Amino acid sequence: MPILVCGGAGYIGSHFVEALQKTALKPVVVDNLRTGHREAVPDDVPFYETDIRDKKALQTIFAKHNISAVVHFAACSLVGESMEEPLLYFNNNVGGMQSLLEVMAENDVDKIVFSSSASTYGEPKSVPILETAPTNPTNPYGESKLFMEKMMHWIDTAFHIRYVSLRYFNVAGASPTGNIGEDHRPESHLVPIILQVPLGKRSHLTVYGNDYPTPDGTCIRDYVHVCDLASAHIAALHYLEKGGKSDIFNLGSGNGFSVMEMITAARRATGHAIPIEIGTRRPGDPARLIASSEKAKKILGWQPQATNMEDIISSAWKWHSQHPNGFAR
């Protein structure tokens, strides 16, 4: 059964494609390569370098491959950039979703799994965060993700296109094969930034604030392994195939790790000292963000396998140490 994977050359999308190939489902990848990497997609997977806002191109792909469902990862995703260029984010993210849903409706494709974000919640009033928590994004990126969820809700009402929206928390790690991993430019995620120190790309790591109301004074976040995210998307596809109704699920480990705990785990995983300097707090950084993923476990049958932080960072280190320049040759 052919599955269209939008953004399948990106970090999470490529790991999903790798996982999907181990099932009876067949990926077909669309990616404009703005942030994705062609090298992340296996040669035997149909690949189209195109933008999902190009409806004509999408129509051709849907017809050629008889697409049965969509998994949607394609989006601009940098919070800081979204503050500087909000219209880019609404044009790309919301506009891309509109084109995709229009083509799905025109081709009677009635299932979509969407890569959403914990940024839809904004500043949480309590943790762990439940799916019923208020949604009040604090940046255009989160706002665009929330609006995309609302679009799917109303399209389900009008055209019976059922959806699962997966709200991620912090993603880390890499494939155990070591063939694919995280390669953002510029890099904004904590784990690869930490690993730039043992790679010799920076002399130290700056910790932004050590005076938060947490045990060691540094921010606490919920991290989930990218391969566990991939398995959640497959579980969501199976849920929709069995007639499951549209729904929203958090994806996290349910465990919180502070910045200092992450650094300690990275020191053990790499054998490197990883010097640090303490900087000032960044505006808007909450002290603690932890997900409740009980709903996904109960309804989707999802269970994260990688819960040891040193193991998660070790998988990332395997990728980064073997590919110090990412996918660049």
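A few points on the structure. (Residues numbered from 1 in each chain as written. Predicted model: local features only at pLDDT ≥ 70, side-chain atom pairs only at ≥ 80, totals over all residues. Heavy atoms only, no water.)

**Concerning the pattern of salt bridges**
The following threshold applies: Each reported salt bridge corresponds to a side-chain nitrogen of Lys or Arg within 4 Å of a carboxyl oxygen of Asp or Glu. Only protein chains enter the accessibility calculation, which uses a 1.4 Å probe. A residue is then buried if its area is under 20% of the maximum for its type, exposed if over 50%, and partly exposed in between.
All told, the structure shown has 11 salt bridges when counted by the stated rule. Residue Asp-51 pairs with Arg-53 through a salt bridge whose shortest N-O separation is 2.9 Å. Look at Asp-51 and you get buried, because its relative accessible area is 18%. A salt bridge links Asp-110 to Lys-111, with the nearest nitrogen and oxygen atoms 2.9 Å apart. Members of the salt-bridge network, linked through shared partners, are Lys-55, Glu-102 and Glu-106.

**Description of the sheet that holds strand β2 (residues 26-30)**
What counts here: Two strands are counted as paired when DSSP detects at least two bridges linking them. Put simply, DSSP marks the helices as runs of H or I at least four residues long and the strands as runs of E at least two long, and each gets a number from the N terminus on.
In space, the seven strands of this open sheet follow the order β3-β2-β1-β4-β5-β6-β10, with parallel pairing throughout. In the strand order of this sheet, the two ends are held by β3 (47-48) and β10 (247-251), each with one partner. With seven bridges connecting them, strand β5 (residues 111-117) and strand β6 (residues 162-168) associate as parallel partners. For Phe-114, the partnering residue across the bridge sits in β6 and is Ser-165.

**Considerations on unusual backbone geometry**
Working note: non-glycine residues mostly have negative phi, and peptide bonds are mostly trans. The omega torsion across Val-127 and Pro-128 is 0°, close enough to zero to call that bond cis. Position of Pro-128 relative to the elements: it lies in the loop between β5 and α5 (140-159). The residue after Arg-185, namely Pro-186, is reached through a cis peptide bond having omega 5°. The phi dihedral of His-160 is positive, around 60°, even though this residue is not glycine. Within the element layout of this structure, His-160 appears in the loop between α5 and β6. Here Ile-274, not a glycine, exhibits a phi torsion of approximately 50°, which is positive. Residue placement: Ile-274 occurs in the loop between α8 (259-270) and β12 (276-279). Owing to a relative accessible area of 0%, Ile-274 belongs among the buried residues under this scheme.

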